[in-house]
Amino acid sequence: MLFESLNKSHADQLLAFEMENRAFFESVIAPREEVFYSPTGALEHIENLLHLNSQSLAYPYVLVQNGSIIARANIKEMQSDDVAEIGYRVGKTHVGKGVGSLCVAHLVNAGINLGLKQLSAFVINNNPASEKVLLKNGFRLNLYIPNGFVHLGRLCHGFNYRRELA
């Protein structure tokens, strides 16, 4: 397994990864717009992330194994006070194998190398595995939002986790 900075050459692999895991991802997070699930949509998504990266506003990565993307990991929502949000998604067939923890550890190390002071991550209560990964990687609960979100027609609690880097 190897982390790579996302680039245009990943477009076909990214689309395959997202389509293969679409139902799994949508069971715990908001769905992407339908236009994303096309070669043009995936390439535009990458181009948008690369544009943000060129401005030091996002750092997108993919985890590749045997020529296929098995996970994504992003530093995003960069703020002027050296704080950023992280997000990651692991393909269904790789859940429970430490890949999520590997992604978060990679993002923590990348954040340290970028000179960030703090990382945050957001989850809703339908995704306890993600909460465990964050806790395992030194994140602590920062904010609880009871019944603040609707996912698949039901109210969910939101949790913001933070980790100090400096």
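What you see is a predicted model, and the numbers here were worked out from it, not measured in a lab.

1. What to know about the packing of aromatic side chains
Each aromatic ring pair is characterised by the separation of its centres together with the angle its planes make.
1) Next: All chains considered together, the criterion is met by 5 aromatic pairs.
2) Next: Centroid distance Phe36 to Tyr37: 5.1 Å. Interplanar angle 85°. Geometry classified as edge-to-face.
3) Next: Grouped by ring-pair contacts, the aromatic residues Phe17, Phe24 and Phe25 constitute a single cluster.
4) Next: One cation-aromatic arrangement involves Arg22 over Tyr37; the distance from NZ or CZ to the ring centre is 3.8 Å.

2. Considerations on helix α1 (residues 11-20)
An α-helix turns once every 3.6 residues. As a result, residues three or four positions apart point the same way.
1) Next: Along α1, the positions that sit buried rather than exposed are Ala11, Leu14, Leu15, Phe17 and Glu18. Burial along α1 is one-sided: seen end-on, the buried residues are contained in an arc of 165°. Opposite the buried face of α1, at more than 90 degrees from it, the exposed residues are Asp12 and Glu20.
2) Next: Against the buried residues of α1 lie α2 (22-26), α3 (39-54), β3 (68-76) and β4 (83-90).

3. Brief notes about the nonpolar core
1) Next: Counting 28 residues, the largest nonpolar core has Ile75, Ile86, Leu119, Leu134 and Phe139 as the members making the most contacts within it.
2) Next: Secondary structure elements with two or more residues in this core: β2 (59-65), β3, β4, α4 (99-113), β5 (118-124), α5 (128-136) and β7 (154-164).
3) Next: Examining the composition of this core, we find that 6 residues originate from one element, α4, more than from any other.
4) Next: If we ignore the near neighbours within four places in the chain, the residues touching Phe139 are Ile86, Val104, Val108, Leu119, Ser120, Ala121, Leu134, Tyr161, Arg162 and Arg163.
5) Next: Ranked by size, the runner-up nonpolar core spans 10 residues in total, among them Ala11, Phe25, Leu49 and Ile69.

Quick notes on the rules
Residues numbered from 1 in each chain as written. Predicted model: local features only at pLDDT ≥ 70, side-chain atom pairs only at ≥ 80, totals over all residues. Heavy atoms only, no water. Phe/Tyr/Trp six-rings, centres within 6.5 Å; stacked < 30°, edge-to-face > 60°. Lys NZ or Arg CZ within 6 Å of the ring centre and 35° of its normal. Buried < 20%, exposed > 50% of the residue type's maximum accessible area, 1.4 Å probe, protein only. Helix = DSSP H or I, 4+ residues; strand = E, 2+ residues; numbered from the N terminus. Arc of directions from axis to C-beta. Contact = heavy atoms within 4.5 Å. Core = buried A, V, L, I, M, F, W, Y, C linked by side-chain atoms within 4.5 Å.

Purely spatial values, then, with no claim about function.
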